[in-house]
Amino acid sequence: MAAFLLLGFREQEAARRNFRRQRVFRDRLNPLDHYDDSEMLKNYRFSREGVLRIIDIVKDDLQKPTNRSHALDPSIQVLCALGYYAKGELMSDRAEIHHVSIPTVSQTVKAVTQALIRKKDERPANDITSVVWRRCVLYYACGRRRTKYIRFPTTPLEVRQSQEDFFGVAGFPKITGIIDCTHVTLRGCHLLEAEHHYVNRKKQHSINVQLVCTSDYKISNVVARWPGGAHDSRILCNSRLARGFTSGILQGVLLGDLGYPQLPWLMTPYLDTQGIPARESYSRAHKKTRVRIEQLNGQLKNKFQCLHGLSYQTPERCSEIIVACCILFNLSKIFNEPADVEDHIEVDRVEAQGYDGDVHLEGVAARDDIVNNLFV
């Protein structure tokens with residue numbers, strides 16, 4: 001009797017497992033059909049036209065080969081990701097808004113992020129830099145895959161134009177970029193045994209992101225792979241940017257704060273001007289010009305609220321999201337998108353630790369030369 005009951009129970013259990021519930025697909029909300037420009041800007045940080053242009057850029061990478069399982073349209077994928085970047089919400093909030101599941105939101109944000117990064121690394125059809133520098137060790141850094149939306153000036157024409165634009169700000173010569181680092185907080189991320197490397201000076205877990213900007217608030221270089229415990233100068237010295245300037249491939253100079261060493265191609269402020277008029281003029285021009293990278297950091301984090309704190313991601317995926325937001329930031333400038341109301345609000349930042357390494361005499365001499373010849 002007991003054996004008979006056990007057999008009946010097993011049959012019922014097997015039947016229950018084999019029973020497949022019918023999947024229910026909810027109607028997905030497409031904000032393009034419901035929101036006007038002001039609502040699009042508020043919720044997605046781009047106008048309706050801007051969103052459509054972004055969709056056009058990445059749609060080929062997002063289009064599914066079939067409509068199996070009601071695959072998301074590229075437009076909904078882009079809007080889902082833009083909403084996450086803009087608001088910094090949990091995946092569950094974004095899932096509720098667009099009537100999709102949480103795993104779908106996670107996969108969609110990953111797909112759109114990687115599609116944007118691939119576009120960043122596209123090389124224009126007329127790019128000949130790789131041919132010119134084929135024999136150079138920095139072949140990859142300077143042109144093998146010239147960035148399309150985040151580009152540092154490399155050609156003589158680009159360098160000259162950049163220097164003229166920066167000179168018009170405060171009369172500081174030879175500048176091709178302003179450099180600084182900003183921290184993106186990590187919350188509940190999977191850091192494992194490397195956890196202690198991500199603790200910054202505020203005792204928070206973060207990624208230390210190196211940014212270089214142009215005079216018109218565009219990002220010309222981004223490095224987002226270093227943990228929060230890394231010093232700003234270490235990130236720069238181990239970057240392709242530093243190798244490019246050291247080898248002479250990249251021309252001009254960068255402007256940086258006291259967290260960086262004074263180098264022939266990197267101008268930092270004087271710790272003490274000693275009341276010398278030329279040094280004071282240099283410091284005023286330096287400060288007035290360098291403030292643009294501080295303003296850019298504020299604009300970037302206020303446009304994409306997710307950069308105030310990325311939650312429950314791997315560090316690698318957080319780095320990809322940061323780069324994707326930088327690409328979108330430049331696209332907003334290229335598209336002449338309306339400025340956010342909070343563009344120039346300063347964000348809470350981790351103060352840079354002063355540089356305490358070796359003194360580079362060639363760098364000091366280069367700065368003195370600029371001061372004595374151009375700020376007297």
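Residues numbered from 1 in each chain as written. Predicted model: local features only at pLDDT ≥ 70, side-chain atom pairs only at ≥ 80, totals over all residues. Heavy atoms only, no water.

Asker: Looking at this structure, I do not really get the overall build of the protein. What am I missing?
Answerer: A count of helical and extended segments in the protein gives 14 helices and 6 strands. Counting the 376 residues in the protein, one finds 48% classified as buried. Sequence-distant contacts, at least 24 apart, represent 69% of the contacts inside the protein between residues at least 6 apart. Of the accessible surface of the protein, which amounts to about 20,100 Å², a share of 50% is contributed by carbon and sulfur atoms. (Helix = DSSP H or I, 4+ residues; strand = E, 2+ residues; numbered from the N terminus. Buried < 20%, exposed > 50% of the residue type's maximum accessible area, 1.4 Å probe, protein only. Contact = heavy atoms within 4.5 Å. Areas by Shrake-Rupley, 256 points an atom, 1.4 Å probe, with all protein chains shown as cover.)

Asker: What's the story with the pairing of strand 3 (residues 219-227) in this structure? I'm lost.
Answerer: Looking down a regular strand, the side chains alternate between one sheet face and the other. Counting buried positions along strand 3 gives 8 out of 9 residues, so the element sits mostly inside the fold. Strand direction decides the pairing type here: strand 2 (residues 206-213) and strand 3, joined by 6 bridges, are antiparallel. Following the sheet pairing, Gln 210 is matched in strand 3 by Val 223. (Pairing = 2+ DSSP bridges.)

Asker: Which parts of the structure should I look at to understand the pattern of salt bridges?
Answerer: Opposite charge on two side chains permits them to pair, given that their charged atoms come into close proximity. The tally for this structure, following the rule as stated, stands at 5 salt bridges. With its nearest N and O atoms 4.0 Å apart, the salt bridge here joins Asp 216 to Lys 218. Residue classification places Lys 218 among the partly exposed residues on the basis of a relative accessible area of 28%. When salt bridges with common partners are traced through the structure, they connect Asp 257, Arg 290 and Glu 294 into a single cluster. (Salt bridge = Lys/Arg side-chain N within 4 Å of Asp/Glu carboxyl O.)

Asker: I keep staring at helix 5 (residues 91-98) and nothing clicks. Help me out?
Answerer: Each α-helix turn comprises 3.6 residues. Residues three or four places apart therefore point the same way. All buried positions along helix 5 are accounted for by Met 91, Arg 94, Ala 95 and His 98. Seen from one end, helix 5 has its buried residues packed into an arc of 105 degrees, which puts them on one side. Immediately downstream of helix 5, the backbone of His 99 shows phi near 60 degrees, a positive value. (Arc of directions from axis to C-beta.)

Asker: Is there a simple way to explain the side chain of Ser 233 in this structure?
Answerer: Structurally, Ser 233 can be placed in helix 10 (residues 232-237). Here His 231 takes part through its side chain, which lies 2.9 Å from a polar atom of the side chain of Ser 233. If near-sequence neighbours (up to four positions away) are discounted, Ser 233 is found in contact with Gly 259, Tyr 260, Pro 261 and Tyr 355. (Polar contact = N/O pair within 3.5 Å; in protein donor to acceptor, adjacent residues only side chain to side chain.)

Asker: I'm lost on the confidence of the model for the protein in this one. Help?
Answerer: Atomic detail in the predicted coordinates should be set aside for any region of low pLDDT. Here the protein averages 82 in pLDDT, and 79% of its residues register 70 or above. Mean pLDDT in the protein bottoms out at helix 7 (residues 129-132), which sits at 32, and peaks at strand 2, which reaches 97. Below pLDDT 50 for its whole length, residues 22-26 participates in 6 contacts with residues either more than four positions away or in separate chains. Considering only residues more than four positions removed or in separate chains, one finds that residues 123-146, a stretch of pLDDT under 50, has 34 contacts. (pLDDT = per-residue confidence, 0-100.)

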